[in-house]
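Commentary on secondary and tertiary structure
Here's the letter readout for the chains.
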Amino acid sequence: MEKKHTITICLGSSCFTRGNDVNLEIIKKFLADRGLKEQVDFRGHLCVNSCNKGPVLKIDGTTYYEIDARQVEELLNKIFAVKEVTL
Ligand code: FES
């Protein structure tokens with residue numbers, strides 16, 4: 001099956017320690033919980049020399065800088081159009 005989306009996360013030491021360690025887990029859990037692993041090419045990469053603007057995350061060709069956990073969740077919800085369910 002062809003992947004519909006691409007997510008790459010910087011796993012260089014600067015980005016990793018400044019937030020991508022948490023962002024990585026959020027993305028993994030998001031994809032697993034919603035059964036999206038088959039639709040998303042999700043991979044890590046090494047430092048791209050943008051450490052001063054990290055953590056760095058790229059989704060479907062757009063690079064996001066200084067991204068925190070709340071922004072990651074917002075982006076994922078927006079991209080995958082997850083509707084909030086109120087009980
Ligand atoms: S560690 Fe991510 S850009 Fe350098």
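As the structure is a prediction and not an experimental result, all values here were calculated from the model.

Thoughts on the pattern of salt bridges
In the structure shown here, the tally under the stated rule is 4 salt bridges. Here lysine 28 and glutamate 25 are joined by a salt bridge, their closest N and O atoms 3.5 Å apart. Of this pair, lysine 28 and glutamate 25 both sit in helix α1 (residues 13-33), 3 residues apart, which is roughly one turn of the helix. Salt-bridge contacts for aspartate 33 lead to lysine 29; the nearest nitrogen and oxygen are separated by 2.5 Å.

With respect to α1
Helix geometry: α1 is bent most strongly at glycine 19, by close to 70°. If you check which residues of α1 are buried, you get Cys15, Gly19, Asn20, Asn23, Leu24, Ile26, Ile27, Phe30 and Leu31. Residues of α1 that are buried sit in contact with β1 (5-10), β2 (40-45), β3 (57-59) and α2 (69-79).

Some words on the side chain of histidine 5
Looking at the element boundaries, histidine 5 is found in strand β1. Of the polar contacts made by the side chain of histidine 5, one reaches the side chain of aspartate 60; its length is 2.7 Å. Aside from chain neighbours lying at most four places away, what touches histidine 5 is Gln39, Val40, Asp41, Asp60, Ile79 and Phe80.

Things to note about α2
The α-helix winds at 3.6 residues per turn, so residues separated by three or four positions along the chain end up facing the same way. The complete set of buried residues in α2 reads Val72, Leu75 and Leu76. The buried residues of α2 occupy an angular sector of 95° when projected down its axis, which confines them to one face. Tucked inside the fold, the buried residues of α2 contact β1, α1, β3 and β4 (62-64). Looking one or two residues beyond α2, the residue adopting positive phi is alanine 81, at roughly 45°.

Quick notes on the nonpolar core
Grouped together as the largest cluster of nonpolar side chains are 16 residues, with contacts concentrated most on Ile7, Ile27, Leu31, Leu57, Val72, Leu76 and Phe80. Elements supplying a minimum of two residues to this core: β1, α1, β3 and α2. Top contributing element to this core by residue count: α1, with 5 residues.

Quick look at the pairing of β1
Within a regular strand, the side chains alternate between the two sheet faces. By the criterion of burial, β1 is predominantly enclosed, with 5 of the 6 residues buried. Once you follow β1 into α1 and on to β2, the crossover reads as right-handed. Where β1 and β3 come together, 3 bridges link them in antiparallel fashion. Across the sheet, the residue bridging to isoleucine 9 is leucine 57, located in β3.

Reading the values: rules and limits
- Residues numbered from 1 in each chain as written.
- Predicted model: local features only at pLDDT ≥ 70, side-chain atom pairs only at ≥ 80, totals over all residues.
- Heavy atoms only, no water.
- Salt bridge = Lys/Arg side-chain N within 4 Å of Asp/Glu carboxyl O.
- Helix = DSSP H or I, 4+ residues; strand = E, 2+ residues; numbered from the N terminus.
- Bend = angle between axes of the 7 residues up to and from the residue.
- Buried < 20%, exposed > 50% of the residue type's maximum accessible area, 1.4 Å probe, protein only.
- Contact = heavy atoms within 4.5 Å.
- Polar contact = N/O pair within 3.5 Å; in protein donor to acceptor, adjacent residues only side chain to side chain.
- Arc of directions from axis to C-beta.
- Core = buried A, V, L, I, M, F, W, Y, C linked by side-chain atoms within 4.5 Å.
- Right-handed = clockwise from strand over helix to strand, strands pointing away.
- Pairing = 2+ DSSP bridges.

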